[in-house]
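# Results of the structural survey
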Amino acid sequence: MRENILVVDDEREIADLVALYLQNEGYNVTVFYDGSDALTYIQRETPALAILDVMLPGVDGYELCRRIREKHTYPILMLTAREAEIDKINGLTLGADDYVTKPFRPLELVARVKAQLRRCTRYNAHPDSAPENVVCVRGLVLNADTHVCTLDEKPLTLTPTEFSILWLLCETPGKVISAEALFERVWGEKYLSNSSNTVMVHIRHLREKLGESPERPRYIKTVWGVGYKIEA
């Protein structure tokens, strides 16, 4: 069964070009040029991944991202203007997994889509697909095979990206992992100067879900100038 990808962009040429490249890779693609129409769609359908432009008529990409994250954890890629760094931060804060700046190369976008879907496939892997692989850190339990995370026996709803970051930290408790290493291992891309914002926003999301503050964290601690760690 072919995976369905949602593309929302009011620039028809861009939306149609992205759809063509994705279809050539074997994906089903649903395209909307208006945010209101896309909102109606996401309320009744669950695509494998969504590509959302920030500036849209009707309902903007931020609101679409927020509404998706109310119920779903499937990957979201935001399309942003090159000069608008704040667009990237806002999208990540609302739960987006990645962003692509305009103008972009369609093949780069396709590569990012494939990377997110691979991560999502691992996140939802069948529990019998591999031997059980579990880490436990003071009431925090992660199962790498089922991608289930619990805190004090209560389930946490994590996106595939959040789970991957938390797993990397938990599998080597006490070891500091740099933002560069986290980014390159989780996103599978070369670390650039603005990549630290991407990691920082996802760390903040994790802390919120773990119910802790940066000032007095129970789990994720910042080692200034070095990276992040989880105490053993």
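Remember, it's a predicted structure, so these values are computed and weren't measured experimentally. Sequence order sets the numbering: in each chain, residues are counted from 1 along the sequence as written. The model is predicted, so local features are restricted to residues of pLDDT at least 70 and side-chain atom pairs to those at 80 or more, both for listing and for counting; the totals for chains, interfaces and linings are taken over all residues. Note that water and hydrogens are dropped before the side-chain values are worked out from all heavy atoms of the structure.

Note on ring pairs: Phe, Tyr and Trp rings are taken, using the six-membered ring of Trp, and paired if centres are within 6.5 Å. Classes follow the plane angle, with under 30 degrees stacked, over 60 edge-to-face and the rest tilted. Under the counting rule described, the total for this entry stands at four aromatic pairs. Taking 5.4 Å as the distance between ring centres and 50 degrees as the angle between the ring planes, the aromatic pair formed by F32 and Y41 counts as tilted. The exposure classification of F32 matches that of Y41, with both residues buried. An angle of 75 degrees between the planes, with centres 6.0 Å apart, marks the rings of F183 and Y191 as edge-to-face. Exposure classes here rest on a 1.4 Å probe applied to the protein chains alone. A residue is buried below 20% of its type maximum, exposed above 50%, and partly exposed in between. Look at F183 and you get buried, because its relative accessible area is 6%. An aromatic cluster of at least three residues, connected via ring pairs, comprises F183, W187 and Y191. Criterion for a charge above a ring: Arg CZ or Lys NZ at most 6 Å from the ring centre, at most 35 degrees from the ring normal. Stacked on the ring of Y33, the Lys or Arg R12 has its end atom at 3.9 Å from the ring centre.

Turning next to the layout of surface pockets. Volume-wise, the largest pocket comes out at about 470 Å³. The rule is simple: put a 1 Å grid over the protein atoms alone, call a set of points where a 1.4 Å probe fits but cannot get out a cavity, call an open set with protein on both sides within 12 Å along at least five of seven lines a pocket, and count a residue as lining if it has an atom within 4 Å of a point. Lining the largest pocket are 22 residues; nearest its centre among them are Y99, E108, R112, E189 and L192. Here a strand is any run of E in DSSP of at least two residues, a helix any run of H or I of at least four, and the numbering for each starts at the N terminus. Elements with a minimum of two residues in the lining of the largest pocket: strand 5 (98-102), helix 5 (106-123) and helix 8 (195-210). Tallied by class, the residues present in the lining of the largest pocket amount to nine nonpolar, five polar and eight charged. Grid points are joined across faces, edges and corners, and a volume is the space filled by probe spheres set on the points. Here the nonpolar group is Ala, Val, Leu, Ile, Met, Phe, Trp, Tyr, Cys and Pro; Asp, Glu, Lys and Arg are the charged ones; every other residue, Gly included, is treated as polar.

To continue, consider the sheet that holds strand 3 (residues 49-53). Pairing within the open sheet is parallel, and its five strands lie in the order 2-1-3-4-5. The outermost strands of the open sheet, each flanked by one partner alone, are strand 2 (28-32) and strand 5. When strand polarity is set aside, the average angle formed by the axes of neighbouring strands in this sheet is 20 degrees. By the convention used here, strands pair only if DSSP detects at least 2 bridges between them. Bridge count between strand 1 (residues 4-8) and strand 2: five bridges; the pairing is parallel. Bridge pairing links L6 to T30 in strand 2. On the sheet, helix 1 (residues 12-24) packs against strand 1, strand 2, strand 3 and strand 5 and is oriented at approximately 175 degrees with respect to strand 2. All axes here are fitted lines through C-alpha atoms, helices being fitted over the stretch that makes contact, and every angle between N-to-C directions spans 0 to 180 degrees. Whether two residues touch is decided by their heavy atoms; if any such pair falls within 4.5 Å, the residues are in contact.

Take the UniProt feature "modified residue: 4-aspartylphosphate" (unreviewed entry) in the protein chain next. UniProt positions are given in the numbering used here, feature names are shortened, and annotations may be inferred rather than shown by experiment. Feature annotation in UniProt places "modified residue: 4-aspartylphosphate" (unreviewed entry) on D53, given in this structure's numbering. Counting through the fold element by element, D53 comes out in strand 3. Judged by relative accessible area, which is 5%, D53 ranks as buried. Discounting chain neighbours no more than four positions away, the residues touching D53 are V8, D9, D10, G61, L79 and K102.

This part is about the pattern of salt bridges. Think of a salt bridge as a Lys or Arg side-chain nitrogen and an Asp or Glu carboxyl oxygen that are within 4 Å of each other. If you walk through the whole model with that rule in mind, you get 16 salt bridges. The partner of R112 in a salt bridge is E189, and the shortest N-O contact between them spans 3.3 Å. With R112 in helix 5 and E189 in the loop between helix 7 (179-186) and helix 8, this residue pair connects regions lying 77 residues apart in the sequence. According to the relative accessible area criterion, E189 is partly exposed, its value standing at 24%. K209 is paired through a salt bridge with E162; the nearest N and O atoms lie 2.7 Å apart.

Another point: the state of the cysteines. A pair of cysteine sulfur atoms is labelled a disulfide when the two atoms are within 2.5 Å. Across all of its chains, the model carries zero disulfides by this definition. There is no disulfide at C136, and the cysteine sulfur nearest it, in C170, is 9.4 Å away. For the unlinked cysteine C149, the closest cysteine sulfur is that of C170, found at 7.4 Å. On the accessibility criterion, C149 (2% relative accessible area) is buried.

The next thing to look at is the nonpolar core. Counting residues in each nonpolar core, the largest one holds 29 residues, and the members touching the most others are L140, L142, L166 and I220. Sorting the residues of this core by element identifies strand 6 (134-137), strand 7 (140-143), strand 8 (148-151), helix 6 (160-170), helix 7, helix 8 and strand 11 (227-230) as the ones contributing at least two each. A total of seven residues in this core trace back to one element, the largest contributor, which is helix 6. Sequence-distant contacts of L142, defined by excluding residues within four places in its chain, comprise N133, V134, V135, V148, C149, F163, L166, W167 and C170. Definition used in this section: a nonpolar core is a set of buried Ala, Val, Leu, Ile, Met, Phe, Trp, Tyr and Cys residues joined via side-chain atoms within 4.5 Å. Counting 23 residues, the second largest nonpolar core, distinct from the first, contains A38, I76, M78 and V201.

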